[in-house]
Amino acid sequence: MTGVPASAAGGTSSANGAPASASSGTASGGAPSGAMSGNVSGTVSPGEAPVGAVPAGDVSPGGVETGLPDGPRPARGAKVVAAAVNQASVWNIANFLTMLRLLLVPGFVALMLADGGYDPAMRSFAWAAFAIAMITDLFDGHLARTYDLVTDFGKIADPIADKAIMGAALICLSSLGDLPWWVTVVILGRELGITLLRFLVIRYGVIPASRGGKLKTLTQGVAVGMYVLALTGWLATLRFWVMAAAVVLTVLTGLDYVRQAIVLRRQGIAERMAASEETEA
């Protein structure tokens, strides 16, 4: 017999009087059971996923893939939906005005040439169609820029509509003998040439519309509108001088656009050469 009470095996030790709960609540390494249980619930052994984590590649109810190292990623079909939204934005007020201007062109031509082209009433209706087309030209671009309605369709259709209504008016006036053909050739040649020039240098940048160009457009519209009407007397003399001013502005602004295109091309080539040299270095 060692003299140690039997109760020491299950509870206290005669040497230090430690309570039995210390033995039962302590792991073999001496860590308290509470700490041990907290360690089990708070840590993850290799190969196990944390409690509540979403496995990689799963999709949350919001439609976004989570659990990826690179952060949230749009779910499948998101790009298709975005493309559909952008496609639907083509049907906006700015593009509607542009299409209206295109539809007015054949109506304007029919009114101009009705009854041989010399009926004052028909010429007045033709002037109304031309005026509506020019007014919509002022508003559609402003609306598109102000309310972020710029679309690829508008970028293509707007200049076509502008050239179509102006070209139709000039050709009709010259064919009726009201306007010399050389005026029509100068104006239309400038408009088509500058449009082609913009496409040629678009790789280097965009030639912005200048104040002179806007003044030219306004003067052309007023001059052509006055020629569409069957004016006589001093108004007929006035329209001659307004058209002369429009021709001068047409030529001067055309030369200015050519100068800007040359400068833009040179700058673009220089920037490309500099970038190429930096890449080689």
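*Asks:* Which parts of the structure should I look at to understand a positive patch on the surface?
*Replies:* Taken together, the side chains of R203, R265, R266 and R272 define a basic patch exposed on the protein surface. Considering the arrangement of structural elements, one finds R272 in helix α9 (residues 234-280).

*Asks:* Please explain the pattern of salt bridges as it appears in this structure.
*Replies:* If charged atoms from side chains of opposite charge come close, those side chains can pair. Applying the stated criterion to the full structure yields eight salt bridges. As a salt-bridge pair, R101 and D137 come within 3.8 Å of each other at their nearest N and O atoms. In this pair, R101 sits in helix α4 (residues 93-113) while D137 sits in helix α5 (residues 120-146), placing the two residues 36 residues apart along the sequence. Linking D178 and R123 is a salt bridge whose minimum nitrogen-to-oxygen distance equals 2.9 Å. Placement of D178 in the loop between α6 (152-175) and α7 (181-200) and of R123 in helix α5 is noted, with a sequence separation of 55 residues between them. What makes D178 partly exposed here is its relative accessible area of 24%.

*Asks:* How do you make sense of unusual backbone geometry when you look at a structure like this?
*Replies:* With the exception of glycine, most residues fall at negative phi, and the peptide bonds are largely trans. A positive phi angle is found at D115, which is not glycine, with a value near 55°. Relative to the elements of secondary structure, D115 occurs in the loop between α4 and α5. Among the residues examined, D115 registers a relative accessible area of 62% and is labelled exposed. Non-glycine residue D148 carries a positive phi angle of around 55°. Checked against the element boundaries, D148 lands in the loop between α5 and α6.

*Asks:* Can you walk me through the packing of helix α8 (residues 211-228) against α9 in this structure?
*Replies:* Two packed helices can be described by the angle between their axes and the distance between those axes. Following both chains from N to C, one finds α8 and α9 inclined at 150°, their axes separated by 8 Å at the closest point. One element, α8, and the other, α9, form an angle in the roughly antiparallel class. As for the relative orientation of α8 and α9, their crossing is left-handed in sense. Of the residues in α9, those in contact with G212, G213, L215, K216, T219, Q220, V222, A223, V224, M226 and Y227 of α8 are L235, L238, R239, F240, V242, M243, A245, A246, L249, T250, T253 and Y257. Residue classes in the contact of α8 with α9 are distributed as 15 nonpolar, six polar and two charged.

*Asks:* Help me understand the side chain of E191, please; the structure alone is not making it clear to me.
*Replies:* Mapping E191 onto the fold places it in helix α7. With relative accessibility at 9%, the residue E191 sits in the buried group. Among the polar contacts made by the side chain of E191, one reaches the side chain of R190 at a distance of 3.2 Å. Ignoring any residue separated from it by four or fewer positions in sequence, one finds E191 in contact with K163, K216 and Q220.

*Asks:* For this particular structure, what's the right way to read the nonpolar core?
*Replies:* For soluble globular proteins, nonpolar side chains are generally found buried alongside one another. Core analysis: the biggest nonpolar cluster contains 30 residues, and F108, M112, F130, V224 and M243 have the highest contact counts within it. For this core, the element with the highest residue contribution is α6, accounting for seven residues. With residues up to four places along the chain from it excluded, the contact list for F130 reads F108, I165, M166, A169, G221, V224 and G225.

*Asks:* Got a minute to help me understand the packing of α5 against α6 in this structure?
*Replies:* Taken N-terminus to C-terminus, the directions of α5 and α6 make an angle of 155°; their axes are 11 Å apart at the nearest point. Compared by their axis directions, α5 and α6 come out roughly antiparallel. Note on packing geometry: the crossing formed by α5 with α6 is left-handed. Between α5 and α6, the contacting residues are R123, F130, A133, M134, D137 and D140 on the first element and D158, D162, I165, M166, A169 and L173 on the second. In the contact of α5 with α6, the residues fall into seven nonpolar, no polar and five charged.

*Asks:* Is there a simple way to think about α4 in this case?
*Replies:* Owing to its 3.6 residues per turn, the α-helix aligns residues three or four sequence positions apart on the same side. Its 21 residues place the ends of α4 31 Å apart at the C-alpha level, agreeing with the 30 Å of an ideal helix rising 1.5 Å per residue. The sharpest bend along α4 reaches about 30° and sits at V105, with the proline P106 one to four residues further on. Inspection of α4 places A94, N95, L97, T98, R101, L104, V105, F108 and M112 among the buried residues, and these make up the whole buried set. As for α4, its buried residues are in contact with α5, α6 and α8. A distance of 3.1 Å separates the backbone nitrogen of A94 from a side-chain oxygen at the start of α4, and that oxygen is part of N92.

What counts as what
Residues numbered from 1 in each chain as written. Predicted model: local features only at pLDDT ≥ 70, side-chain atom pairs only at ≥ 80, totals over all residues. Heavy atoms only, no water. Patch = residues over 30% accessible without salt bridge, like charges linked within 9 Å, V, L, I, M, F, W, Y side chains within 5 Å. Areas by Shrake-Rupley, 256 points an atom, 1.4 Å probe, with all protein chains shown as cover. Salt bridge = Lys/Arg side-chain N within 4 Å of Asp/Glu carboxyl O. Lys, Arg positive; Asp, Glu negative; His and termini not counted. Charge placed at Lys NZ, Arg CZ, Asp CG, Glu CD. Helix = DSSP H or I, 4+ residues; strand = E, 2+ residues; numbered from the N terminus. Buried < 20%, exposed > 50% of the residue type's maximum accessible area, 1.4 Å probe, protein only. Axes fitted to C-alpha atoms, helices over the stretch in contact; angles between N-to-C directions. Parallel < 35°, antiparallel > 145°, perpendicular 65-115°, else oblique. Left-handed = near helix turned anticlockwise from the far one by under 90°. Contact = heavy atoms within 4.5 Å. Nonpolar A, V, L, I, M, F, W, Y, C, P; charged D, E, K, R; others polar. Polar contact = N/O pair within 3.5 Å; in protein donor to acceptor, adjacent residues only side chain to side chain. Core = buried A, V, L, I, M, F, W, Y, C linked by side-chain atoms within 4.5 Å. Expected span 1.5 Å × (residues − 1). Bend = angle between axes of the 7 residues up to and from the residue.

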